[in-house]
Amino acid sequence: MPIRVSLASAVLGNEGVLLQEFLTFTLSEKINRMERRNFFKGIGAGLLAGGFLSHLSGNDLLGAAIPLPPEAYDMIAVKGGEPEVMFDKGIAAMGGMKRFVKKGQTVVVKPNIGWDVSVERGGNTNPKLVARIVKHCLDAGAKEVYTFDNTCDNWVKCYETSGIEAAVKAVGGKVVPGNTESYYKTVKIPNGRVLKEAKVHELLISADVFINVPILKHHSSAQVSIAMKNLMGIVWDRRYWHRNNLQQCIADMVTWRKPDLNVIDAYRVMMKNGPRGVSEADVTVMKSLLLSTDIVAADAAAAKLFGSEPSDIEHIKLAHEMKLGTIDLKSLNIQRITV
Amino acid sequence: MKSKTGLQIARLVVSVVVTGLIAVSFLDITASQPVWVANYGTHWQFVPSILSFLAAPAIAAGGFIIIALLTLLFGRVYCSWLCPLGFFQDVVGAVGRLFRKKKRRFQYSKPVPVLRYALLILIVVMALVGIMVPVVLTDPFSIFGRMMTHLAHPMVTGLNNLFSGWLSQADVFWLKPRTTTGFHAGAFLTGLSLTLIVGVMAFRSGRLWCNTVCPAGTLLGLISRTALWRINLDKAKCTSCGLCSSVCKAQCIDVKERKVDFDRCVGCMNCLNTCRQGGVKYEWLPKQPAPGSTKTPAMGEGRRTALKAFALLAVTVAMTKIKAATDVFSLKKAVKPNNRSHFVSPPGSLGIDRFNDVCTACHLCVSACPTRVLQPSFTEYGLKGFLQPFMDYHSNFCNFECTRCGEVCPTGAITALLPEVKKRVQTDIAHFVKENCVVNTDETSCGACSEHCPTKAVHMVEYKPGLLIPEVNDSICVGCGACEYACPTLPNRAIFVDGNLVHKVASEPENADENKEEVPEEFPF
């Protein structure tokens, strides 16, 4: 399915987006079934109608100008839908998961599962999004898809309360413990300015594909926690980072292995009291999603969405200076999709 | 060998179930087993039940009343039917039997009441003045608990992790690796030595521990003196052959005198079917030996016993006073460079002194704690609280949502709190040490403490342009210790918690349970 969609958008350009959205909508059996079930329940009728309307009134309809192949987009920004629906559209616009995952490859999908808080609190990546990404990887032919995080709260509780463990297992992904030091192997980080080595989860050393799935949120130490900050969950000793110029260490880690794809969950955004949050009052529902292969650009765009200037966020600025990506969003081709 | 009687089988079933429930609770490495499993097993534990009743009188907490009534009716059935340490001793005895083919395993031994009552008085008096160490070291349930927590739990965890590791090599992750309770020299050595002492005593002399040291045994023995159903030798039938006495692990059947020292009988019922003449009976109110000549010397003996007991007690109290004096000294020595005046007692314990007064250090909470923040103390509470668990924030921090320790605690030392209440209980307050803080010394960002804070009592304020530094709002700090745990500075922390002697109630942090919705009209890029 993603192939057909990407073909359609390649041939038809932005007009294709409409077709592509239509295809996603009508062809995706799962969604169809879901919609039908809701419809029969009597509560889905409005959703269905609303869905059609939003498809017809999407600003891509009028904003269509230059047709571009998916690879030409540096970033896809989606808003207005449920996390898994936005991802379907976003990844389709990027050319489908097969662009990133080849048959027989192993994949690490790394969400933020740092805290023992429910999904409404916006402390962890949305479980529906994580599960949908895992599903796309498996559909693309991945041999295994692994999910883990080196959590801050008790890992068993984080995995459970976040809903991520159950959601990922349900679609066939493997949930791997992140709390055992023996899983972490020392790697050299030659291009780091401060961080010269770190103990990294062995999955990150062995996996073919690395998909980084952070949630956008406020952070008391790093100002914001997005894609680069999410890499702190692949290392063992975080205290070292905190002792030795945290912001620089965050940027340094990116030099070791850049994620092949960054998917930023901005469905529920914790605007203050991050990264754990105190109550649901900290959270604003933005229903947005960003996809990019450029981790710095992804962070820059997400920071904007959060309401900060990327150049004011120390680790984003440092990463830009170290040429790990760009914060110059104007130089990027961004496809904006409204669901 | 005769087949087992119905009573023996019943005893076996009850003891396996009760000890099984308790053992499973202590060995629940997932820390997620339903709480009732622990509660059903521990409800019947004599000493914890008394303490739990004293801590919060409630009929529901009256397991010990039922045990006392049972003892009044049937003798010390607790010791063979419900006590997990009794079960352990029986297992040791059974194993011992495999190695020793001696036909007459036991024979009658004379009671040593001086030691027994002196110990009981000592234990009770010390507990009354708030020194729980004697109870901690003698309560059979707590001894069994520490045996499980410090000897068996690490083995089970180790096995689990071994298999978990093998499976993960094969890319299978359904068996989760778990964290052990950790190694604590004090707790481990106490656990090991008491296991050895009780084990050797059981191997050599049956229930010698129960009839010499155990306070529950001595106390229940006093009650069982007037029990209605008793083991009795039929003097007409008894030939003093000693068969019954040879299976009596309490060594309380005197075949020469043809009588049973029922005070020491542990109610195992093993003697009932041994007599070829049918002379061993378990019957309603057997005729007591006639009062008179035999009773008067017993009284005199009793007085002498009491005198000796008090002498022993006086010596021990004096010794403890000396130790109590060194206790203050050791508390001072235990003060960390972070200038902590008190270590922290678990949420639900209401205060350090109260906790020290009630806890028997069975370590069920240590086994049940999912984060392993609860660790056995050594000198953290001073000698007074030896082995009682404390919140070790260098081991981990208290999970904000978790209330497990209070739910499993059998003595009421940690009361069960509702999550909403627990989230407001202030066990201690965080103290910020600016001189140690990375933000101050290195002028780089940190804030690990504030990151982990569940109420944002530790929040970040402007220090220099572009640089934030922690600040503590005492009123909403609950003392979970996450800040101290997360603080990366060495060798001392830049933030540490100081225990509240009496726990307080923290103010409610900003707490609205609703998300705002603001989907952007246009992306800001």
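What comes next concerns the included structure. Since this is a predicted model, take the numbers as computed values, not measurements.

## Description of the interface of chain A and chain B
Counting residues at the interface gives 60 residues for chain A, matched by 53 residues for chain B. Summed over the three residues of chain A that lose the most area to chain B, namely R239(A), H242(A) and R243(A), the buried surface amounts to 13% of that side. Run the count over chain A and chain B and you get three salt bridges. Residue E517(B) is joined to K287(A) by a salt bridge in which the shortest nitrogen-to-oxygen separation is 3.6 Å. The interface formed by chain A and chain B holds 21 residue pairs in polar contact (both at pLDDT 80 or more) in total. By residue number, the principal contributor to the side of chain A that touches chain B is strand β11 (residues 283-292) of chain A, which donates seven residues. Among the residues forming the side of chain A that touches chain B, the class breakdown is 25 nonpolar, 17 polar and 18 charged. By the bridge criterion, two bridges tie β11(A) to strand β11 (residues 516-517) of chain B in an arrangement that is parallel. From the neighbouring strand, V285(A) faces β11(B), where its bridge partner is E517(B).

## Some details on the packing of helix α3 (residues 46-55) of chain B against helix α11 (residues 215-224) of chain B
Residue and element names in this part refer to chain B. Between α3 and α11, the least distance of the axes is 9 Å, while the angle of their chain directions is 80°. Regarding the angle of α3 to α11, the classification is roughly perpendicular. Counted together, F46, V47 and I50 of α3 and A216, L219 and L220 of α11 form the full contact between these two elements. When the residues that make up the contact of α3 with α11 are grouped by side-chain class, the tally is six nonpolar, no polar and no charged.

## Comments concerning the environment of I429(B)
All names here are of chain B. By secondary structure assignment, the location of I429 is in strand β7 (residues 425-432). I429 gets classed as buried once you look at its relative accessible area, which sits at 14%. As a C-alpha pair, I429 and A506 span 77 residues in sequence and 9.8 Å in three-dimensional space. Ignoring any residue separated from it by four or fewer positions in sequence, one finds I429 in contact with D474, C477, F496, V497, D498 and N500.

## Things to note about the packing of aromatic side chains
Residue and element names in this part refer to chain A. Here the structure, examined in full by the defined rule, presents 16 aromatic pairs over all chains. With 5.3 Å between their ring centres and 90° between their planes, W155 and Y159 make a pair best called edge-to-face. Here Y159 and W155 lie together in helix α7 (residues 155-161), a separation of four residues that amounts to about one turn. The pair W155 / Y159 is uniform in exposure class, with both members buried.

## Side note on the environment of P140(B)
Mapped onto the secondary structure, P140(B) falls in helix α9 (residues 140-169). Residues P140(B) and G206(B), 66 residues apart in the sequence, show an inter-C-alpha distance of 15 Å.

## Describing helix α10 (residues 185-205) of chain B
Residue and element names in this part refer to chain B. Compared with the 30 Å implied by 1.5 Å per residue over 21 residues, the 29 Å span of α10 between its first and last C-alpha is a close match. Buried residues of α10: G186, A187, T190, G191, L194, T195, V198, G199, M201, A202 and S205, and no others. On its buried face, α10 is in contact with α6 (84-99), α8 (133-138), α9 and β5 (374-376). Positive backbone phi, at 60°, marks G206, one or two positions downstream of α10.

## Digging into the side chain of S25(B)
Note on placement: S25(B) falls in helix α1 (residues 6-26). Ignoring any residue separated from it by four or fewer positions in sequence, one finds S25(B) in contact with Q33(B), V37(B), A38(B) and L364(B).

## Looking at the packing of helix α7 (residues 113-128) of chain B against α11(B)
Residues and elements named next belong to chain B. Interaxial distance between α7 and α11 falls to 9 Å at its minimum, and their mutual angle equals 110°. Between α7 and α11, the angle falls in the class roughly perpendicular. Two secondary-structure elements touch here, α7 through R116, Y117, L120 and I123 and α11 through P215, G217, T218, L219, G221 and L222. Its residues assigned to classes, the contact of α7 with α11 shows six nonpolar, three polar and one charged.

## Considerations on helix α12 (residues 246-254) of chain A
Residues and elements named next belong to chain A. Among the nine residues in α12, nine count as buried, and that is most of the element. Within the span of α12, buried status applies to L246, Q247, Q248, C249, I250, A251, D252, M253 and V254. Where α12 is buried, its residues contact β6 (197-201), β9 (223-225), α10 (227-230), α11 (238-243), α13 (295-306) and α14 (314-321).

## Considering unusual backbone geometry
For the peptide bond that leads from G274(A) to P275(A), omega is 5°, which places it in the cis range. Put simply, L490(B) and P491(B) share a cis peptide bond, and its omega is -10°. Take P491(B): it is sitting in the loop between α20 (482-486) and β10 (495-505). Even without a glycine there, the phi angle at N245(A) is positive, about 60°. Relative to the helices and strands, N245(A) is located in the loop between α11 and α12. A positive phi angle is found at L387(B), which is not glycine, with a value near 75°. Here L387(B) shows up in the loop between β5 and β6 (389-391).

## Notes on the pattern of salt bridges
Residues and elements named next belong to chain A. For the structure shown, the criterion picks out 29 salt bridges over all chains. A salt bridge links K128 to E82, with the shortest nitrogen-to-oxygen separation between them at 3.9 Å. Taken together, the positions of K128 in helix α6 (residues 127-139) and E82 in the loop between β1 (75-79) and α5 (83-93) put the pair 46 residues apart, joining distant regions of the chain. Exposure remark for K128: the relative accessible area of 45% places this residue in the partly exposed category. On the basis of relative accessibility, which here comes to 30%, the residue E82 falls in the partly exposed class. Residue E181 is joined to K199 by a salt bridge in which the shortest nitrogen-to-oxygen separation is 3.0 Å. Note that E181 is positioned in the loop between β4 (174-175) and β5 (184-188) and K199 in strand β6, a separation of 18 residues in sequence. In this structure K199 comes out as partly exposed when scored by relative accessible area, which is 29%.

## Considering the nonpolar core
Soluble globular proteins: nonpolar side chains tend toward being buried together. Residue and element names in this part refer to chain B. If you look at the biggest cluster of nonpolar residues, it comprises 119 residues, and the most contacted ones within it are Y78, L85, W209 and I231. Residue contributions to this core peak at seven residues, all from α9. Non-local contacts of Y78, meaning those with residues more than four positions away in its chain, are made with W44, Q45, F46, I67, C83, P140, A216 and L220.

## A closer look at the pairing of strand β9 (residues 467-472) of chain B
Residue and element names in this part refer to chain B. Looking at chain direction, strand β8 (residues 458-464) and β9 are connected through six bridges and run antiparallel. Bridging from a neighbouring strand, H459 pairs with E471 of β9. In textbook terms, the turn of a hairpin is the stretch between consecutive antiparallel strands, and for β8 and β9 this stretch comprises two residues, one of which, G466, has a positive phi near 80°.

## Some points on the environment of L490(B)
Residues and elements named next belong to chain B. Looking at the element boundaries, L490 is found in the loop between α20 and β10. Judged by relative accessible area, which is 65%, L490 ranks as exposed. Along the backbone, L490 and I65 are 425 residues apart, and their C-alpha atoms lie at a distance of 52 Å.

Calculation notes
Residues numbered from 1 in each chain as written. Chains lettered and ligands numbered in written order. Predicted model: local features only at pLDDT ≥ 70, side-chain atom pairs only at ≥ 80, totals over all residues. Heavy atoms only, no water. Contact = heavy atoms within 4.5 Å. Buried area = accessible area lost by both parts, 1.4 Å probe. Salt bridge = Lys/Arg side-chain N within 4 Å of Asp/Glu carboxyl O. Polar contact = N/O pair within 3.5 Å; in protein donor to acceptor, adjacent residues only side chain to side chain. Helix = DSSP H or I, 4+ residues; strand = E, 2+ residues; numbered from the N terminus. Nonpolar A, V, L, I, M, F, W, Y, C, P; charged D, E, K, R; others polar. Pairing = 2+ DSSP bridges. Axes fitted to C-alpha atoms, helices over the stretch in contact; angles between N-to-C directions. Parallel < 35°, antiparallel > 145°, perpendicular 65-115°, else oblique. Buried < 20%, exposed > 50% of the residue type's maximum accessible area, 1.4 Å probe, protein only. Phe/Tyr/Trp six-rings, centres within 6.5 Å; stacked < 30°, edge-to-face > 60°. Expected span 1.5 Å × (residues − 1). Core = buried A, V, L, I, M, F, W, Y, C linked by side-chain atoms within 4.5 Å.

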